[in-house]
Amino acid sequence: MAIKRESGRGATEIRPMMAKVGVIPNADGSAIFAFGDTVAIAAVYGPRQLHPQHMQDPSTGILRCNYDLLSFSVSDRKKPGPSRRSQEISKVTEWALSPVVDLEGFPNTVIDVQIYILQADAGTRTAGINAASLALAHAGIPMRNLICSISVGKLDKDLVVDVDKSEEDFKGGEGPTDFPIAKIANTDEYTLLQLDGKIQPEVVKKILKIADKACEEVYEVQKKALKEVVQ
Amino acid sequence: MRNEINESHEATEDYGISDEPSKKRKVVVPGEIIVSGEDYLPGEGAHREGENVVASRFGLAEELGKLIKVISIFGAFIPRRGNVVIARVVDLTFHGWLLDIDGASSSFLPIEESPRFISKNDMDQYLGIGDVIAAKIWAVKAKGSDLTLKGKGLGKLEGGFIFRVIPSRVPRVIGREGSMINLIKDKTGCNITVGQNGWIWIKGESIDAEIKARKAIEFVTEKVHVEGLTEKMEAWFDKN
């Protein structure tokens, strides 16, 4: 291990995770999920009638995600409102979640998923996906399985799990690499693969293997949070 | 009047969570294996994946002999035929009223479905925007559901107040053959109409009685996991 992580974590050690379900009383389903200092909150509304009407699909319901950073979540105030980045992440989150939800029973309806980042310390989209997956389950939406998400990074040549902000901005060696992954729990089906940085093709296989292990840990946290809400 | 309202619940009480003990229940998350074995049959909220019966939603898994089903305990109201709902008038059209039932579809009450003849000119004297009614869903279509006011205990709700509980807990509030709701009605002397969409209307002799009825209903909806709730409810009334 050439490089020591600033936080003192081991290479495959995830930041302490926190998950709680049912945090927003007015939503049909809600959850909060945190990786260390990255905190995401998600609310699910619906199924409900979709407006505008031309977007309605008579064969199935649709999933609509909205991801955004709250203005106080980052050190430089984020200007509120949608941006190029938040629209992109909303879209990839939607794609990451839609393979597991089964909305054919709710034609002409929409399920709205609102994801807000309360605190950002890298890995916000992965925390957002984890929170959204919990919130969808909490809302009683028919789902094939839960979605688990984690980011894997590369510090020079060493692979590390769940990068934080300082590692995401890592300078030196081959430069910073961030590889967010989402997968369907307990399967080999991936619903999100993104890459920011440089990586050798043969390393990708290694990354997926590391991510599989980490996702198992995420899954346990999610499962526990859902079971805790029923007392 | 009170007995009339009771009857409107009867069609719905068997569906979902009931008070019957003896059944095994456990909390499952989507994708979790409930049982393994070829001879089990997946029911509502469950599906088969090879050897296993797997939950397809979050809720309480129940084994009824060989049938496995998952009862959801959170989430929005999905309209079904025959449900009694509490709805609010949002608009008047030439042919009837548009209503908000706080569920997955919009709904419409045709003018012909009111219990007595109403002229198209004075529709708003019978039901105006913002009025709250108890209505029955008689058809669920892709574009929305149709309501009717023909039936016992249905009609405009005047006086009292409405509040919301989680729709999937409504069967618990009603109880087996209306046992729970009848108990609450007897103990508080209030008129109560429970909509399957989670909205509940209470009207009683005094505010105190109404608040007590509301608290009793909220007590029931908080106890998702408890069995033999009717007895617990009786004990709760003795204490309060």
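See above for the structure.
Thresholds applied
Residue numbers run consecutively from 1 along every chain, following the written order of its sequence. Each chain takes a letter, starting from A, and each ligand takes a number, starting from 1, following the order in which they are written. At least 70 in pLDDT is required for a residue's local features to be given in this predicted model, at least 80 for side-chain atom pairs to be given and counted, and no such filter applies to totals for whole chains, interfaces and linings, which use all residues. What makes two strands pair is DSSP finding at least two bridges between them. Helical segments are the DSSP runs of H or I of at least four residues, strand segments are the runs of E of at least two, and each set is numbered from the N terminus. Axis lines are fitted to C-alpha atoms, over the contacting stretch for helices. Their N-to-C directions set the angle, which ranges from 0 to 180 degrees. The contact criterion used is a C-beta to C-beta distance within 7 Å, with each C-beta placed from the backbone. Think of it as three bins: nonpolar holds Ala, Val, Leu, Ile, Met, Phe, Trp, Tyr, Cys and Pro, charged holds Asp, Glu, Lys and Arg, and polar takes everything else, Gly as well. Exposed residues have 12 or fewer other C-beta atoms within 10 Å of their own C-beta, buried residues have 20 or more, and residues in between are partly exposed; the C-beta atoms are placed from the backbone.

Caption draft 1: Looking closely at the sheet that holds strand β7 (residues 158–161) of chain A. Residues and elements named next belong to chain A. The antiparallel open sheet is built from four strands, whose spatial order is β7-β6-β8-β9. Edge positions in the open sheet fall to β7 and β9 (190–193), since each of these has one partner strand only. Neighbouring strand axes in the sheet, compared pairwise and without regard to direction, differ in orientation by 25 degrees on average. In the sheet, strand β6 (residues 147–155) pairs with β7 via four bridges, with the strands oriented antiparallel.

Caption draft 2: Molecular detail of the sheet that holds strand β14 (residues 161–164) of chain B. Residue and element names in this part refer to chain B. A sheet is described by the order of its strands in space; here three strands give the open sequence β14-β16-β15, paired in antiparallel fashion. Every interior strand has two partners, whereas the edge strands, β14 and β15 (191–194), have only one. Strand-to-strand, the axes of this sheet are offset by a mean angle of 20 degrees, without reference to chain direction. Here four bridges tie β15 to strand β16 (residues 199–203), and the two strands are oriented antiparallel to one another. Looking at the pairing, threonine 193 lines up with tryptophan 201 of β16. Across the sheet, helix α5 (residues 207–222) touches β14, β15 and β16, and the angle it forms with β16 is around 150 degrees.

Caption draft 3: Molecular detail of the interface of chain B and chain A. At the interface, 21 residues of chain B touch 28 residues of chain A. Across the side of chain B that touches chain A, the residue classes break down as 10 nonpolar, nine polar and two charged.

Caption draft 4: A look at unusual backbone geometry. All names here are of chain A. A cis amide bond, omega 5 degrees, links glycine 46 with the succeeding residue proline 47. As for its position among the elements, proline 47 is in strand β3 (residues 38–49). With an omega of 0 degrees, the peptide bond running from histidine 51 to proline 52 counts as cis. On the secondary structure map, proline 52 appears in the loop between β3 and β4 (62–69). Unlike most non-glycine residues, aspartate 156 shows phi in positive territory, near 50 degrees. Within the secondary structure layout, aspartate 156 lies in the loop between β6 and β7. With 13 C-beta atoms packed within 10 Å, aspartate 156 lands in the partly exposed category. Positive phi is not limited to glycine here, since aspartate 162 has a value of about 55 degrees. On the secondary structure map, aspartate 162 appears in the loop between β7 and α3 (165–168). Residue class for aspartate 162 comes out buried when judged on the 27 C-beta atoms lying within 10 Å of it.

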